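Notes for the structure review
Below, each chain spelled out in residue letters.
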Amino acid sequence: MSSVPLLRPDAAPLVEARGLSVSYAVPRAAFWQQKPAPFRAVEGIDFSIGHGETLGIVGESGSGKSTIGRALLGRVPLSAGSARFRGEDISGLSGGAMRRTRRHIQAVMQDPYASLNPRMRVTDIIAEPLVVHGIARGAEARARVDELLDLVGLPPDAGQRHPGTFSGGQRQRIGIARALAMEPAFIVADEPVSALDVSVRAQIVNLFRDLQEKLGVSYLFIAHDLAIVRHVSHRIAVVYAGRIVEMSARDDLYTTPIHPYTQALLDAVPVPDPRKRRTGRATVRGELGAIPAAGCRFAPRCPLASEQCRREAPPLLERAPGHRAACWNA
Amino acid sequence: MTAPLLELDDLVVTFTTRRGRIEAVRGVSLAVRPGETLGIVGESGSGKSVTMQAVMGVVDSPGAVEHGDISWRGRSLLAREGEAADIRGRDIAMVFQDAMTSLDPLFSIGTQIGEVLARHRGVTGAAARARTIELLELVGIANPGPRLHYLPHQFSGGMRQRIMIAMALAAEPALLIADEPTTALDVTVQAQIVDLLIELRDRLGLAIVLVTHDLGLVAELCDRVAVMYAGRIVETADVWSLFDAPAHPYTAGLLKATPAIDDLPERLETIEGSPPDPSDLPSGCAFRLRCPRADAACASAPPLTHPAAGRDLLCWHPEPLPIAASPEAAHV
C-alpha cells in the first residue's frame, strides 16, 4: 500500500468544502400548479483535499457525485455552504478574480470526444487555454504543447492531427494535456476512464498517478467503479442521494466498511475470479428513487433501517480515526 | 455430450461502406449447448455484438452475413428464412443494454408482452393477461396486475431491464442472448439483475450467451468463455481454466489490466496501444502490434490449436499452460 504516498496531515488543505449544497429548480408540471420545491442534488457536503492528494468520490447515477465536481469548478451556484480553494471562496468570485483562480482548477470529463472540437488540430486545442489566458502564444505556446504531449505519452506528431483520428484512450490523453496546460493545482476528473476499453483504462489510470507524482497536482476523482477508485485515491467519500454516507482513508473503506450502503456496493461488485463469486443474493433491493422527506435517504432500501432512520437523518460522525459514517444502526 | 442448440460455422459479417469493405466478424465458429452459459468477451470493435446480431438476423445495414452458417438444433437459419423468423424471438430471445431501445415507448408493457405471447405462443385474451402477470412476477416486478397498463418510462432503469427480460421469456426460449444487459445499470442494481439471470437459468434450464466487456460478470455468471479480438475468437476455454491460466497473450493482458477490488498491485499492468480500427487491421494476428510475445511468425495468421481439453486457441506463441490443467481435477 506504499504506492500512494501518505500526506502530511498538518498541511493546510488546498480545497475545502463546508456544508456545500446545490439545489436545482424543478419546473412546474403545468402552469396552474404550485412551483415544486427545488431538488436538493447535494446537501451538507464537508471535505478537504490536501496538496498532491486524491479524494475519490464514489456513487451511483443520480447520487450527486458529478454535481459536487461541478460546484468545485464554479459551474453551478451553491444554495448553501462554501467551496474554498487556497482559502478563497470560489462561489463568491466573479470576473477577473474568478478567471485568475479558475486557471488553477481544471476539469477532465468522461467523454473525451464530446469535449474536443473535431475541427481543431490537437496543438490548437491544447494551446487554446494558454492563449486565452494570455500565458503564451506562438512558438512559446507550441513548445509548451510539445512538452505536454510528451508528458501525457502522445507522439510528437500528434499535434498536427485532428481529434477524430485518435482512439478513445489517446483522446483522453489529449483532454488531460489540455487540462495540464494551465499548470493547475487541482483537477476535477469526472468518470475519466468509464468510457474507455478495459485494455486502455489501466493506461490512463496509471497516467493519472504518474502525473500526480511528477507535478504534485490534487484530484477530485469521481467514479462509479470501486476498483478503479481504490487504485487512484488516498481517501474516498461514498455519496448516496446527495449526501456523504461514509468517508475514510482508502483501504479502511474496503477492509472495514461501516455504512450498509458501502457494504452493499462492495458486495455487488463482481470480482474477475470465478473462485470469488458472490455468495448469496444481493442484500440491497430496489433502486435510488425519490428522496424521502425526512430521515436517512438510504432508509427505504436499507436492511438495517429502523424507526429512528425514517425520522431523523444520521450525522456523519467519526467512528475510527479518519473514518466517518452516517448511520444510526451500523 | 448433448447436441448444441446454436452453432456458428466460420461466420463472416461485413459492412460495405464508402470507405470500403470492413470485416466486423472474421470467421467465428462456436457452439452453445442446452443449459450452458457462454460468455463472449471483447472490447469495442471486437465484433462480439455483431456476431450475436447476425444470430438474431438484426445486423444493421449495410452489414451482411457474407460467409459461413448459423444453425439452430442442426438446421441452418440462413438457408430457411421463413422458419428462421419463427425460431428467432421464440427459441432464441435477446435482451440489450438499453431497455428503452427494445421497448416501444408508446405501448403499455402489458400490450407489448401480450404481443409476444400471441405471435409465438398463440396465447390471447384472459390467458395472455394471466401469463403476463406470471412472467412479470417471475422477473421480480412486485404487484404487476395494476401496472400492466403502465408505459415503459414509468419504470426505473432496473425495472425496465426486468420487463425486457420478461418479454424475452414470454416465448419460452431455450436460449437467451444478453448483450451487455447490465452495463447501463448501477452496481447494486446490476447485482440484482445478475441474481435474476442465475435464478432463471437454474429454474428454466435456459442457455445464456452473455456478451460483455466486464470480466467480473463473466467470472460470476459463465461456464465457458470465448474471447474476441478484432472479429475473431482468439481463445475459448471453461471459465476456471481461462482465469487460472490464460493462454492467449491478449486474454492474459486483459486479466492483468482489470483491477480487482481486493487486490492492489503497485501499478496496473497495461496492454500497450489501443484496439485496432476494423478497417485497418494488421496482417496475420491482429493483436501482434500490441503483443509482448509477438515475433516475425505472427505476421501470418495463426492456426487454430487445442492446447488442452476444451480449449481453442489462435496464437503462435501462447503463454505456457500448466501441465494437466484439467478443470475437473483442479476444482471439482
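This report concerns the structure included in the present document.

Definitions and limits used
Residues numbered from 1 in each chain as written. Chains lettered and ligands numbered in written order. Predicted model: local features only at pLDDT ≥ 70, side-chain atom pairs only at ≥ 80, totals over all residues. Heavy atoms only, no water. Pairing = 2+ DSSP bridges. Helix = DSSP H or I, 4+ residues; strand = E, 2+ residues; numbered from the N terminus. Axes fitted to C-alpha atoms, helices over the stretch in contact; angles between N-to-C directions. Contact = heavy atoms within 4.5 Å. Buried < 20%, exposed > 50% of the residue type's maximum accessible area, 1.4 Å probe, protein only. Salt bridge = Lys/Arg side-chain N within 4 Å of Asp/Glu carboxyl O. Core = buried A, V, L, I, M, F, W, Y, C linked by side-chain atoms within 4.5 Å. Phe/Tyr/Trp six-rings, centres within 6.5 Å; stacked < 30°, edge-to-face > 60°. Lys NZ or Arg CZ within 6 Å of the ring centre and 35° of its normal. Parallel < 35°, antiparallel > 145°, perpendicular 65-115°, else oblique. Nonpolar A, V, L, I, M, F, W, Y, C, P; charged D, E, K, R; others polar. Buried area = accessible area lost by both parts, 1.4 Å probe. Polar contact = N/O pair within 3.5 Å; in protein donor to acceptor, adjacent residues only side chain to side chain.

This paragraph deals with the sheet that holds strand β9 (residues 224–229) of chain B. Hydrogen bonds between backbone atoms are what pair the strands of a sheet, whose relative direction is either parallel or antiparallel. All names here are of chain B. Overall, mixed pairing links the 8 strands, which are arranged β6-β7-β8-β3-β9-β10-β12-β11 in an open sheet. Of all the strands in the sheet, just β6 (92–95) and β11 (304–308) have a single pairing partner and so form its edges. Strand-to-strand twist of the sheet, defined as the mean angle between neighbouring strand axes without regard to direction, takes the value 20 degrees. The pairing of strand β7 (residues 175–179) with strand β8 (residues 207–212) spans 5 bridges and is classified as parallel. Residue pairing across strands places I177 opposite V209, the latter belonging to β8. Running over the sheet, helix α6 (residues 157–169) touches β6 and β7 and is turned about 170 degrees from β6.

A few words now on helix α3 (residues 122–132) of chain A. The complete set of buried residues in α3 of chain A reads V122, T123, I125, I126, A127, P129 and L130 of chain A. On the buried face of α3 of chain A, the contacting elements are α4 (138–151) and α5 (168–180) of chain A.

Residues and elements named next belong to chain A. Spatially, β2-β1-β4-β5 is the arrangement adopted by the 4 strands of the open sheet, whose pairing is antiparallel. The outermost strands of the open sheet, each flanked by one partner alone, are β2 (39–49) and β5 (88–89). Here strand β4 (residues 80–85) pairs with β5 via 2 bridges, running antiparallel. Considered in β5, the bridge of F85 is made with E88.

Moving on, we get to helix α10 (residues 249–257) of chain B. Judged by how many residues are buried, α10 of chain B sits mostly within the fold: 8 of 9 residues are covered. As for α10 of chain B, its buried residues are in contact with α6 (198–215) of chain A together with α8 (215–221), β9, β10 (232–238) and α9 (239–244) of chain B.

Attention shifts here to the pattern of salt bridges. With the rule as written, the count across this model stands at 33 salt bridges over all chains. Among the ionic pairs, E147 of chain A bridges to R144 of chain A, the shortest N-O distance being 2.9 Å. Separated by 3 residues within a single helix, E147 of chain A and R144 of chain A lie in helix α4, roughly one turn from each other. Given the relative accessible area of 18%, R144 of chain A is considered buried. The salt bridge partner of E83 of chain B is R80 of chain B, with a shortest N-O separation of 3.8 Å. Residues participating in the shared-partner salt-bridge network are R40, E43, R243 and R297 of chain A.

The next subject is the nonpolar core. Of all hydrophobic cores here, the largest spans 70 residues; its most connected members are I126, I174, I176, F208, L226 and Y254 of chain A together with I261 of chain B. Per-element accounting of this core gives the leading share, 7 residues, to α6 of chain A. Grouped together as the second largest cluster of nonpolar side chains are 63 residues, V227, V239, F243 and C291 of chain B included.

Residue and element names in this part refer to chain A. Enumeration according to the criterion identifies 10 aromatic pairs over all chains in this entry. Put simply, the rings of F208, Y219 and F221 touch in pairs and so form one group of aromatic residues. Between R161 and the ring centre of F166, over which it is positioned, the NZ or CZ distance is 4.1 Å.

Another point: the packing of helix α4 (residues 109–121) of chain B against α6 of chain B. Residue and element names in this part refer to chain B. Put simply, α4 and α6 touch, their axes get as near as 8 Å, and they point 25 degrees apart. Put simply, α4 runs roughly parallel to α6. Along its contact with α4, which presents I109, Q112, I113 and V116, the element α6 presents I163, A166 and M167. When its residues are assigned to classes, the contact of α4 with α6 shows 6 nonpolar, 1 polar and no charged.

Further remarks concern the pairing of strand β10 (residues 243–249) of chain A. All names here are of chain A. Counting buried positions along β10 gives 5 out of 7 residues, so the element sits mostly inside the fold. Where strand β9 (residues 235–240) lies against β10, 6 bridges are found, and the strand directions are antiparallel. The residue bridging V238 from the neighbouring strand is E246, located in β10. Counting the residues that bridge the hairpin from β9 to β10 gives 2 residues, and of these A241 lies at a positive phi of roughly 50 degrees. Across 2 bridges, β10 lies against strand β12 (residues 323–325) in antiparallel orientation. When the sheet's bridge partners are listed, E246 is paired in β12 with A325.

Moving on to the environment of A330 of chain A. All names here are of chain A. Mapped onto the elements, A330 comes out in the segment after β12. Residue A330 is classed as partly exposed on the basis of its relative accessible area, which comes to 41%. Not counting residues within four places of it along the chain, the set of residues in contact with A330 comprises I258, P260, L304 and R319.

Right, let's talk about the interface of chain B and chain A for a bit. Taken residue by residue, the interface counts 51 residues in chain B and 47 residues in chain A. Carbon and sulfur atoms make up 54% of the area that chain B and chain A hide from each other, which totals about 4,200 Å². Three residues, E220, I261 and L264 of chain B, lead the burial of chain B against chain A; their summed loss comes to 19% of the area buried on that side. Summed over the shared surface of chain B and chain A, the result is 5 salt bridges. Residues D262 of chain B and K276 of chain A are paired through a salt bridge, measuring 3.1 Å at the closest nitrogen-oxygen approach. Connecting chain B to chain A are 27 residue pairs in polar contact (both at pLDDT 80 or more). Sorting the residues of the side of chain B that touches chain A by element identifies α6, α7 (187–204), α8, α9 and α10 of chain B as the ones contributing at least two each. Per-element tally for the side of chain B that touches chain A: the top contributor is α7 of chain B, with 9 residues. Of the residues assigned to the side of chain B that touches chain A, the class counts are 23 nonpolar, 14 polar and 14 charged.

So yeah, pure geometry; function would need other evidence.
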